[in-house]
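Next come the chains, spelled out residue by residue.
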Amino acid sequence: MLQEQTIQQDVSTKENHDPVISVRHLYKSFGSNEVLKDFNLEVYKGENVVVLGKSGSGKSVLIKCIIGLLEQDAGEITVLNDDVISLNSKELDVLRAKVGFLFQSNALYDSMTVRENLEFPLRRHWIKLTAAETNDKVMDVLTNVGLAHTVDMMPSELSGGMRKRIALARTLILDPEIMLYDEPTTGLDPITAKEISELMLEMGEKYNTSAIIISHDMNCIRMTADRIVMLIDGKCYVQGTYRELEQNNDPQVKHFFEQWQSKQ
Ligand SMILES: Nc1ncnc2c1ncn2[C@@H]1O[C@H](COP(=O)(O)OP(=O)(O)OP(=O)(O)O)[C@@H](O)[C@H]1O
C-alpha cells in the first residue's frame, strides 16, 4: 500500500514538473544569418512565459519552429510530449489543434460573420458537432470574451480591441492546452491593451492553458509574465520574473528596462 502511494506521488510530481514545451539546443539559420544559436527553453503547465528580445532577434522564428512551420537545423523541440520534427502533416494538424496561435494580425476572415469565423476552426479540424452543440460552443466562447452580442456582425463592424477578442475566442474554441501570443497588444490604445492583457490572464485560468507570449509592451509583460526569457544573440541570455530582471545589473538587461522607462 505504502509502495503504491509512493508510486502515485511520484507520478503526480512528475506530471506537475514535466514541461509542456521543451526546446533544447535549438539552432536555426537562414544562409549566413544565424538566428537561433543553442537556444533553450522550457514551459511548464499553467505558466505564462514571455520571450523578450529586440526586433529581428528571432522570436517569431522560435514560435514557428515550435509549431512546425519552420524546421530547425539542429536541436530538439518537444510539445505536449511530441517531438515536433518527427510528426507527419496529419500528426502536426492534431498537435496544432491543441496549440492556439493568436497572430498579431488577428487573421479573421473579413467576408465571414463572427459566428462563421468561430465555426471555421471546428470544421478545419473535423470536429463533429450537431448544429446545437456548435451554437453552444460559439456562444460560450463569445460570452467568455464578453462579446456574445457580436455573433452576427462582420469583423469590419468591430473595433481593434473587439477583433482581438474575437481572434482569441476563435483560438479558444478548440480548448487549446497551449497558447502562443504574437504581439497581442500591438496597435491597441493603452486602455484596450490593458483589457486584452487582463483577458489573456483570465482566459488562461479558465481554459487552464500554458502560454508563450511575444511582446514589446512592457505593461502587458509585467501583467502576464510568470517568467521572462531574454533572447539575445540567439540564446536565452537571462531569465527570471519581471521584478528579478528589473533589478538585474547586467548592462544589456538594464538597457532594455531603461529604454522602456524612458518612454513612460
Ligand atoms: N523565412 C525566412 N527566410 C529568411 N530569413 C528569415 C525568415 N524568417 C525570419 N528570417 C530572419 O530571421 C531573423 C529573425 O526574424 P524574426 O521574425 O524571428 O524576428 P523577431 O524577433 O520576431 O522580430 P520582430 O520583433 O520585429 O517581430 C531576421 O533577421 C529575419 O530576417
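Residues numbered from 1 in each chain as written. Predicted model: local features only at pLDDT ≥ 70, side-chain atom pairs only at ≥ 80, totals over all residues. Heavy atoms only, no water.

Visitor: Kindly report on the site of the ligand, identifying the contributing residues and their values.
Guide: Around the ligand, the surrounding shell consists of Phe30, Asn33, Val35, Lys54, Ser55, Gly56, Ser57, Gly58, Lys59, Ser60, Val61 and His216. One of the backbone N or O atoms of Gly58 is found 3.0 Å from an oxygen atom in the ligand. Coverage of the ligand by the protein chains reaches 60% of its 630 Å² of free accessible surface. For the shell around the ligand, the secondary structure elements donating two or more residues are strand S2 (33–44) and helix H2 (59–66). (Near = heavy atom within 4 Å. Polar contact = N/O pair within 3.5 Å; in protein donor to acceptor, adjacent residues only side chain to side chain. Areas by Shrake-Rupley, 256 points an atom, 1.4 Å probe, with all protein chains shown as cover. Helix = DSSP H or I, 4+ residues; strand = E, 2+ residues; numbered from the N terminus.)

Visitor: Outline the environment of Arg243, supporting the account with residue identities and numerical values.
Guide: With respect to the helices and strands, the residue Arg243 is situated in helix H9 (residues 242–246). The exposure class of Arg243 is exposed, given its relative accessible area of 55%. Residues Arg243 and Arg222, 21 residues apart in the sequence, show an inter-C-alpha distance of 8.6 Å. (Buried < 20%, exposed > 50% of the residue type's maximum accessible area, 1.4 Å probe, protein only.)

Visitor: So what about the pattern of salt bridges? Which residues, and what values?
Guide: Counted according to the given criterion, the structure contains eight salt bridges. Note that Lys137 and Asp175 form a salt bridge whose closest N and O atoms lie 3.3 Å from each other. With Lys137 in helix H5 (residues 131–144) and Asp175 in the loop between helix H6 (160–172) and strand S7 (178–182), the pair connects residues that are 38 residues apart, well separated along the chain. What makes Lys137 partly exposed here is its relative accessible area of 26%. Put simply, Glu195 and Arg165 hold a salt bridge, and the shortest N to O gap is 4.0 Å. Here the residue Glu195 occupies a position in helix H7 (residues 190–206), and Arg165 occupies one in helix H6, the gap between them amounting to 30 residues. Judged by its relative accessible area of 36%, Glu195 is partly exposed. (Salt bridge = Lys/Arg side-chain N within 4 Å of Asp/Glu carboxyl O.)

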